[in-house]
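Coordinate analysis (summary)
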Amino acid sequence: TVNNSTNDTVVVSICDNYIWNYPNLSYVQSGMYAYTTTNSNGCDSTVVLDLTINNSSTDTILVTSCDSYDWDGVTYSTTGQYFNTYTASNGCDSIIVLDLTINYSTSSSVIITTCDSLVWNGVTYTTTGIYTYTAINSIGCDSTVTLNLTINNSTTNTVTITSCDSYDWDGVTYTST
C-alpha cells in the first residue's frame, strides 16, 4: 500500500496581522509560510500559507482654529485629539487623528460720556450710539470692543445787557460796548 503525502495552499489577504490555526502563530508580514505535519494515513501533510498583509494607517493633522472647528460634519469647540476611522483603498482602516487647538475670540465693552465728539480708533463720532470695533487679538482671533457712547452737546447762550458807564461780569469790569 502506497500512501500519499498531501499538499495544500491557503491564500489569505488580511489587514495588519493573521493568526494561522495550524501552528497557532501570529504573522505581521506578507510571505509564504509552510507547516508540515502528519496526515491521517501517516504521511507528510504540508500546508502552505500564501499571506498578504495590508497595513492600516494612522495620520495626524494639526489644526489651530478660532472658537470652533468643523470636521466631517461635527463642530468641535474645545482643544483635544479627535479620531475618525475610514476605509483605505487596501480595505484596511485608515485612522485620522485631529490634533486640535482652539483659541478663543475676546470681547469687551466701553461706556463713554463726552461733550460734542469723540475720536475712537481713528474715527470721529458726534452722535450718541453703540459702535463696534473688531481687531485681531494676540492669539490670532477676533477681538471685539463695543462702545456705548453718549454725546452731550455743548450749549451757547447770548445775554444782552444794557448798562450805564460800566458792567461787571464774572469778575471783569467792562467799560465799552
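Above this text is the structure in question.
Residues numbered from 1 in each chain as written. Predicted model: local features only at pLDDT ≥ 70, side-chain atom pairs only at ≥ 80, totals over all residues. Heavy atoms only, no water.

1. What to know about the overall build of the chain
Note the threshold: Segments assigned H or I by DSSP are reported as helices when at least four residues long, segments assigned E as strands when at least two residues long, and all are numbered from the N terminus. The globule rule used here is 2.2 Å times the number of residues to the 0.38 power, and the radius of gyration it is set against is calculated over C-alpha atoms. Throughout, exposure labels follow a simple rule: accessible area from a 1.4 Å probe, protein chains only, divided by the maximum for the residue type, with under 20% read as buried, over 50% as exposed, and the rest as partly exposed. Every residue pair with non-hydrogen atoms within 4.5 Å of one another is taken to be in contact.
Along its length, the chain carries zero helices and 17 strands. Over its C-alpha atoms the chain spans a radius of gyration of 43 Å, topping by over 25% the 16 Å that the globule rule assigns to 177 residues. Across its three principal axes, the chain shows a C-alpha extent of roughly 160 × 20 × 20 Å. For the chain, with 177 residues in total, the buried portion stands at 21%. Restricting the contact set of the chain to residue pairs at least 6 apart, pairs at least 24 apart contribute 51%.

2. Remarks on the sheet that holds strand 14 (residues 129-136)
Our working definition: Strands were regarded as paired on the criterion that DSSP finds at least two bridges between them. Under this scheme, a helix contributes an axis fitted over its contacting stretch, all axes are lines through C-alpha atoms, and angles between N-to-C directions fall in the 0 to 180 degree range.
Pairing within the open sheet is mixed, and its three strands lie in the order 11-15-14. If you trace the sheet from one side to the other, it starts and ends with strand 11 (106-115) and strand 14, each paired once. Between one strand axis and the next, the sheet turns through 20° on average, direction left out of account. Bridge analysis of strand 14 against strand 15 (residues 142-152) gives eight bridges, and the strand direction is antiparallel. Across the sheet, residue Thr132 finds its bridge partner in strand 15, namely Thr146.

3. Some thoughts on unusual backbone geometry
If you check the backbone angles, Asp16 has positive phi at about 70° while not being a glycine. Take Asp16: it is sitting in the loop between strand 1 (6-15) and strand 2 (18-20). The class for Asp16 is partly exposed, based on a relative accessible area of 33%.

4. Description of the sheet that holds strand 5 (residues 44-54)
Overall, mixed pairing links the three strands, which are arranged 1-5-4 in an open sheet. Taken across any chain shown, the strands that pair with only one partner, and hence form the sheet edges, are strand 1 and strand 4 (31-38). Mean inter-strand twist for the sheet, computed between neighbouring axes without regard to direction, equals 20°.

5. Quick look at the state of the cysteines
The line we're drawing: By definition, disulfides here are pairs of cysteine sulfur atoms that lie within 2.5 Å.
In the structure shown here, the tally under the stated rule is two disulfides. The partner cysteine of Cys66 in its disulfide is Cys141, sulfur to sulfur 2.1 Å. Looking down the S-S bond of the Cys66 and Cys141 bridge, the torsion is -95°, so its handedness is left-handed. One end of the pair, Cys66, is in strand 6 (residues 57-66); the other, Cys141, is in the loop between strand 14 and strand 15, with 75 residues separating them in the sequence.

6. With respect to a nonpolar patch on the surface
In plain terms, the rule: Patch membership requires over 30% relative accessible area and the absence of a salt bridge. Like charges are linked within 9 Å, and nonpolar side chains (Val, Leu, Ile, Met, Phe, Trp, Tyr) within 5 Å. Every accessible area reported is derived by Shrake-Rupley at a probe size of 1.4 Å, with residue values counting cover from the shown protein chains alone. Whenever a carboxyl oxygen of Asp or Glu lies within 4 Å of a side-chain nitrogen of Lys or Arg, that contact is scored as a salt bridge.
On the surface, Val159, Ile161, Tyr167, Trp169, Val172 and Tyr174 cluster together to form a nonpolar patch covering roughly 570 Å² of accessible area. Elements with a minimum of two residues in the nonpolar patch: strand 16 (167-169) and strand 17 (172-174). By the element assignment, Val159 lies in the loop between strand 15 and strand 16. Note on Val159: relative accessible area 60%, which makes it exposed.

7. Quick notes on the side chain of Asn84
What counts, and what does not: Counted as a polar contact is a pair of N or O atoms within 3.5 Å, where, for protein atoms, one must be capable of donating a hydrogen and the other of accepting one, and residues adjacent in sequence contribute only when both atoms are in side chains.
Checked against the element boundaries, Asn84 lands in strand 9 (residues 80-87). In this structure the side chain of Asn84 is engaged in a polar contact, spanning 3.2 Å, whose partner is the side chain of Tyr86. If near-sequence neighbours (up to four positions away) are discounted, Asn84 is found in contact with Trp71, Asp72, Ser94, Ile95 and Ile96.

8. Here's the deal with the packing of aromatic side chains
This is how the line gets drawn: Within 6.5 Å between ring centres, the rings of Phe, Tyr and Trp (the latter by its six-membered ring) count as paired, and their orientation is classed by plane angle as stacked under 30 degrees, edge-to-face over 60, tilted in between.
As enumerated under the stated definition, the model contains eight aromatic pairs in all. Geometrically, the ring pair formed by Trp20 and Tyr35 is edge-to-face, given 6.3 Å between the ring centres and 75° between the ring planes. In this pair, Trp20 is assigned in strand 2 and Tyr35 in strand 4, connecting sequence segments 15 residues apart. The rings of Trp20, Tyr27, Tyr33 and Tyr35 are connected pair by pair, giving a single aromatic cluster.

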